[in-house]
Amino acid sequence: MAKFKRILLKLSGESLMGEQGYGIDVKRLNEDAAQIKVVQQMGVEIGIVIGGGNIFRGLTGAGKGFDRVKGDQMGMMATVINSLALSSALEAIGTPTKVLTAIRMEPVGEFYTKWKAIEAMKEGKVVIMAAGTGSPYFTTDTGSSLRGIEIEADVMLKGTRVDGIYTADPEKDPTATKFSDISYDEVISRGLKVMDITATAMCRENNLPIYVFNMDVVGNLKKVMAGEEIGTFVHP
Ligand code: UDP
């Protein structure tokens, strides 16, 4: 039995680039798709939001002289590229998908509404919600909080490169220790860089729990769904 009936899975763009340093690593993409397929076969309803940091980030662009709004729009387009890649990888292994976009761009994907997303999930499709919130100055973390709340997901699963939330950056501080669970308020007051404050505050205000885990280890998504405590649970 799966621990959650309906999930919002957030994948970072950076994780999709694997060892390459840029763009889409096909090996990582296919591993992610295979992990998602396993969970979909458990009967779980799956909504996915993917970042675009492996291709373009508006804030980085602004630092190099790009107009911020255009840069953010480029970032949102990057999430569309990643979403199409994941959709393609899932369909190739027999898992039906539906790509919905926050910015109108048929025939790339249908324009997002909550009801289209829920209907497609009920039909057994993995729903990939592209282009973040559709607005600049937001991140895909906020996009995934928003979509998770809208589609009434039981949890937001944040797949990252580390296995949970630590007291400090474990890659820099060897004394850092991992939380098995933590409240939203503590995440914010300790300034822990799990997600941006907007995204965390949205989850807090709307009671969407978050589970942070290492998605780069094949099999971990299934473990989370089986209730194994391999990451950090963020709760009220
Ligand atoms: N973005 C945006 N609005 C949104 C979501 C994303 O403007 O609602 C832009 C923003 O420029 C961001 C980029 O898209 O930097 C890629 O998203 P993000 O940085 O969240 O990707 P990730 O870090 O997860 O790879």
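As a reminder, the structure under discussion sits directly above these lines.
Since the structure is predicted, the reported quantities are computational estimates derived from the model, not experimental observations. (Residues numbered from 1 in each chain as written. Predicted model: local features only at pLDDT ≥ 70, side-chain atom pairs only at ≥ 80, totals over all residues. Heavy atoms only, no water.)

**Considering the pattern of salt bridges**
Working step 1: Within this structure, the stated rule accounts for 20 salt bridges.
Working step 2: Where glutamate 31 meets lysine 27, a salt bridge forms, and the shortest distance between an N and an O atom there is 3.0 Å. Within this pair, glutamate 31 and its partner lysine 27 are both found in helix 2 (residues 26-40), separated by 4 residues, close to a single helical turn.
Working step 3: Measuring nitrogen to oxygen at the nearest pair gives 2.8 Å for the salt bridge that ties glutamate 186 to arginine 190.
Working step 4: Residue classification places glutamate 186 among the partly exposed residues on the basis of a relative accessible area of 30%.
Working step 5: According to the relative accessible area criterion, arginine 190 is partly exposed, its value standing at 44%.
Working step 6: Residues joined by salt bridges that share partners form a network here, namely Lys27, Arg28, Glu31 and Asp216. (Salt bridge = Lys/Arg side-chain N within 4 Å of Asp/Glu carboxyl O. Helix = DSSP H or I, 4+ residues; strand = E, 2+ residues; numbered from the N terminus. Buried < 20%, exposed > 50% of the residue type's maximum accessible area, 1.4 Å probe, protein only.)

**Quick look at the site of the ligand**
Working step 1: With respect to spatial proximity, 20 residues lie near the ligand, and among them Arg57, Asp72, Thr133, Ser135 and Thr140 are the closest.
Working step 2: For the ligand, an oxygen atom lies 3.0 Å from a polar atom in the backbone of glycine 52.
Working step 3: In this structure, glycine 53 approaches the ligand through a main-chain N or O atom, which is 2.8 Å from an oxygen atom.
Working step 4: The set of elements that each furnish at least two residues to the shell around the ligand consists of helix 1 (13-16) and helix 4 (68-92).
Working step 5: With 3 residues, the top contributor of residues to the shell around the ligand is helix 4.
Working step 6: Among the residues making up the shell around the ligand, the classes are represented as 4 nonpolar, 12 polar and 4 charged. (Near = heavy atom within 4 Å. Polar contact = N/O pair within 3.5 Å; in protein donor to acceptor, adjacent residues only side chain to side chain. Nonpolar A, V, L, I, M, F, W, Y, C, P; charged D, E, K, R; others polar.)

**Focus: the side chain of threonine 79**
Working step 1: Secondary-structure assignment places threonine 79 in helix 4.
Working step 2: Leaving out residues up to four positions away in the same chain, threonine 79 has contacts with Ile50, Gly51, Gly52, Ala130, Ala131, Gly132 and Thr140. (Contact = heavy atoms within 4.5 Å.)

**Notes on the packing of aromatic side chains**
Working step 1: Enumeration according to the criterion identifies 2 aromatic pairs in this entry.
Working step 2: Seen from their ring centres, phenylalanine 56 and phenylalanine 66 are 5.3 Å apart, and the 75° between their planes marks the pair as edge-to-face. Taken together, the residues phenylalanine 56 in the loop between strand 2 (45-50) and helix 3 (58-63) and phenylalanine 66 in the loop between helix 3 and helix 4 connect sequence positions 10 residues apart.
Working step 3: Its relative accessible area of 19% is what places phenylalanine 56 among the buried residues.
Working step 4: Between tyrosine 211 and phenylalanine 233 the ring centres are 6.2 Å apart and the planes differ by 45°, which places this aromatic pair in the tilted class. Placement of the pair is tyrosine 211 in strand 8 (residues 210-214) and phenylalanine 233 in strand 9 (residues 232-235), with a sequence separation of 22 residues.
Working step 5: By relative accessible area, which is 28% here, phenylalanine 233 ends up partly exposed.
Working step 6: In this structure, arginine 147 is placed above the aromatic ring of tyrosine 112, and the distance from its NZ or CZ to the ring centre is 3.7 Å. (Phe/Tyr/Trp six-rings, centres within 6.5 Å; stacked < 30°, edge-to-face > 60°. Lys NZ or Arg CZ within 6 Å of the ring centre and 35° of its normal.)

**Comments concerning the nonpolar core**
Working step 1: Among the nonpolar cores identified, the biggest contains 36 residues, and Ile7, Leu9, Ile36, Ile48, Leu86 and Leu157 are the most heavily contacted of them.
Working step 2: If you list the elements that add at least two residues to this core, you get strand 1 (6-11), helix 2, strand 2, helix 4, strand 5 (126-130), strand 6 (155-160), strand 8 and helix 9 (220-225).
Working step 3: When residues in this core are grouped by element, the largest group, 6 residues, is from helix 4.
Working step 4: If we skip the residues at most four places from it in the chain, leucine 86 touches Leu11, Leu29, Ala33, Ile36, Ile48, Ile50 and Ile128. (Core = buried A, V, L, I, M, F, W, Y, C linked by side-chain atoms within 4.5 Å.)

**Comments concerning unusual backbone geometry**
Working step 1: In this structure, proline 107 follows glutamate 106 across a cis peptide bond, with omega equal to 10°.
Working step 2: A positive phi angle, near 70°, is found at alanine 131, a position not held by glycine.
Working step 3: Looking at where alanine 131 falls in the secondary structure, it is placed in the loop between strand 5 and helix 6 (140-150).
Working step 4: Of note in this structure, asparagine 207 is not a glycine but carries a positive phi near 55°.
Working step 5: Note on placement: asparagine 207 falls in the loop between helix 8 (197-205) and strand 8.
Working step 6: Classification of asparagine 207 as exposed rests on a relative accessible area of 54%.

**Some words on the sheet that holds strand 7 (residues 181-183)**
Working step 1: Across the sheet, which stays open at both edges, the 9 strands sit in the order 4-3-5-2-1-6-8-9-7 with mixed pairing between neighbours. Every interior strand has two partners, whereas the edge strands, strand 4 (110-111) and strand 7, have only one.
Working step 2: The pairing of strand 3 (residues 97-101) with strand 4 spans 2 bridges and is parallel. Paired with leucine 100 across the two strands is glutamate 110, which belongs to strand 4.
Working step 3: Each of strand 1, strand 2, strand 3 and strand 5 touches helix 4; the most contacted strand, strand 5, lies at about 165° to it. (Pairing = 2+ DSSP bridges. Axes fitted to C-alpha atoms, helices over the stretch in contact; angles between N-to-C directions.)

Remember, this is a structural readout, not a statement about activity or role.
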